[in-house]
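Here are the chains, one letter per residue:
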Amino acid sequence: MDSVKGTETPKDPNKGYIALLGWSVNAIKAAQKFDRRYIVVAPEWARDFCTANNIPFMSWDFLRLDDTSIVLAEKLKKEGVDVAVPLFEETVEWSGAINSVLLDNPRMYGQSILFRDKALMKRRAQLGGIRVGIFEEAHEKEDIVRFMKRVNQTLLKLDGDPDDPIHVKAFDKAGCLGHRMLRTVDEIDTIPAEEYPLLMESHLDGWEFAVEAGFTMARSRF
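Residues numbered from 1 in each chain as written. Predicted model: local features only at pLDDT ≥ 70, side-chain atom pairs only at ≥ 80, totals over all residues. Heavy atoms only, no water.

**Focus: the packing of aromatic side chains**
Then, in step 1: A full pass over the atoms with the stated rule returns four aromatic pairs.
Then, in step 2: A centroid spacing of 5.4 Å and a plane angle of 90° characterise the contact between W23 and F49, whose relative ring orientation is edge-to-face. With a gap of 26 residues between them, W23 in the loop between β1 (17–21) and α2 (25–33) and F49 in helix α3 (residues 47–52) connect regions that are remote in the sequence.
Then, in step 3: With relative accessibility at 33%, the residue F49 sits in the partly exposed group.
Then, in step 4: Chaining the aromatic ring pairs together yields one cluster made of W23, W45 and F49. (Phe/Tyr/Trp six-rings, centres within 6.5 Å; stacked < 30°, edge-to-face > 60°. Helix = DSSP H or I, 4+ residues; strand = E, 2+ residues; numbered from the N terminus. Buried < 20%, exposed > 50% of the residue type's maximum accessible area, 1.4 Å probe, protein only.)

**Notes on the nonpolar core**
Soluble globular proteins tend to bury their nonpolar side chains together.
Then, in step 1: Counting 18 residues, the largest nonpolar core has V41, L72, L76 and I98 as the members making the most contacts within it.
Then, in step 2: For this core, the elements supplying multiple residues, two or more each, are β1, β2 (37–42), α4 (68–79) and α5 (92–102).
Then, in step 3: Of all the elements, α5 adds the most residues to this core, at four residues.
Then, in step 4: Apart from the residues within four sequence positions on either side, L76 is in contact with A19, I39, V41, M58, V81, I98 and L102. (Core = buried A, V, L, I, M, F, W, Y, C linked by side-chain atoms within 4.5 Å. Contact = heavy atoms within 4.5 Å.)

**Some remarks on α4**
Then, in step 1: Across its 12 residues, α4 extends 17 Å between first and last C-alpha, which sits within 8% of the 16 Å expected from 1.5 Å per residue.
Then, in step 2: For α4, the set of buried residues is S69, L72, A73 and L76. One side of α4 holds all its buried residues, which, seen down the axis, span an arc of 100°.
Then, in step 3: Elements that come into contact with the buried residues of α4 comprise β1, β2, β3 (57–59) and α5.
Then, in step 4: Of the residues trailing α4, G80 is marked for its positive phi of about 100°. (Expected span 1.5 Å × (residues − 1). Arc of directions from axis to C-beta.)

**Details of the packing of α4 against α5**
Then, in step 1: Where α4 meets α5, the closest approach of the two axes is 9 Å, and the angle between their N-to-C directions is 50°. When the axes of α4 and α5 are compared, the pair comes out oblique. Remark: the crossing between α4 and α5 carries right-handed chirality. Only W94, A97, I98, V101 and L102 of α5 make contact with α4, whose side of the interface consists of T68, S69, I70, L72, A73, E74, L76 and K77.
Then, in step 2: Broken down by class, the residue content of the contact of α4 with α5 amounts to nine nonpolar, two polar and two charged. (Axes fitted to C-alpha atoms, helices over the stretch in contact; angles between N-to-C directions. Parallel < 35°, antiparallel > 145°, perpendicular 65-115°, else oblique. Left-handed = near helix turned anticlockwise from the far one by under 90°. Nonpolar A, V, L, I, M, F, W, Y, C, P; charged D, E, K, R; others polar.)

Next comes the structure, spelled out in C-alpha cells:
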C-alpha cells in the first residue's frame, strides 16, 4: 500500500483528524490520499496488516454498543480525533454515540439511530407528510399473524377473498436486505427465529427500491 511505499500524502496537523470505524482497504487507500490525519478503528485481527503497512490503528470489537461506546469515545478524544466516520451501516450507531462526545452534541446519537431503525424512519417520514403504510413491530410469529388479520379486516375482506400482502423488514439492515412479502399466514413459518424482531408494514402498490448515497470529490453520488 501507499503507506509502505512512502508515497502517502503528507498530513496537515492543522486539519481535522478522522477515525474510520470498521474495515475497508479502499477506504484506507482513500484516507491516504487526503492530507488529513486518520486512524483505523477495527477488530484485533487487523493489527498485523496495519502494522506491516504503517497504518495508524486502534483495536476495537464492535459487538455491542451498550455503555462501551463512551470508552471508545474517550480513547479517541484523548488521541485528538475530531470526528468518527462509519464505514458500514453496522458502525453508524457507534459513530453517532462517539461523535456526540467528540462534538459535544447529544443529538448526534439520536440522528444515527434514525438512520438505522426503520420504524423510527417511517414515523419521522409520516410526521413529515410522506405517505407510508401502516406499520408495527413484531417480536414473535403471533405478532405477524395478528397484524396480517387486522390489516385485512380493515380492508373489509370477506371469506374467500385473497388476503392483501404485508411486508416484513429487518430493523437495522441496509436497503431491502431482510425484506419479505407475505401473502398468506402460512408463509410466516418460513421466517427463522433469529430474524426477529422485525418491522411489519401494510402493502402499498408501486415499486420498492433502495437508494445508496456517498460523497466523492465533495459531491453527493447516488
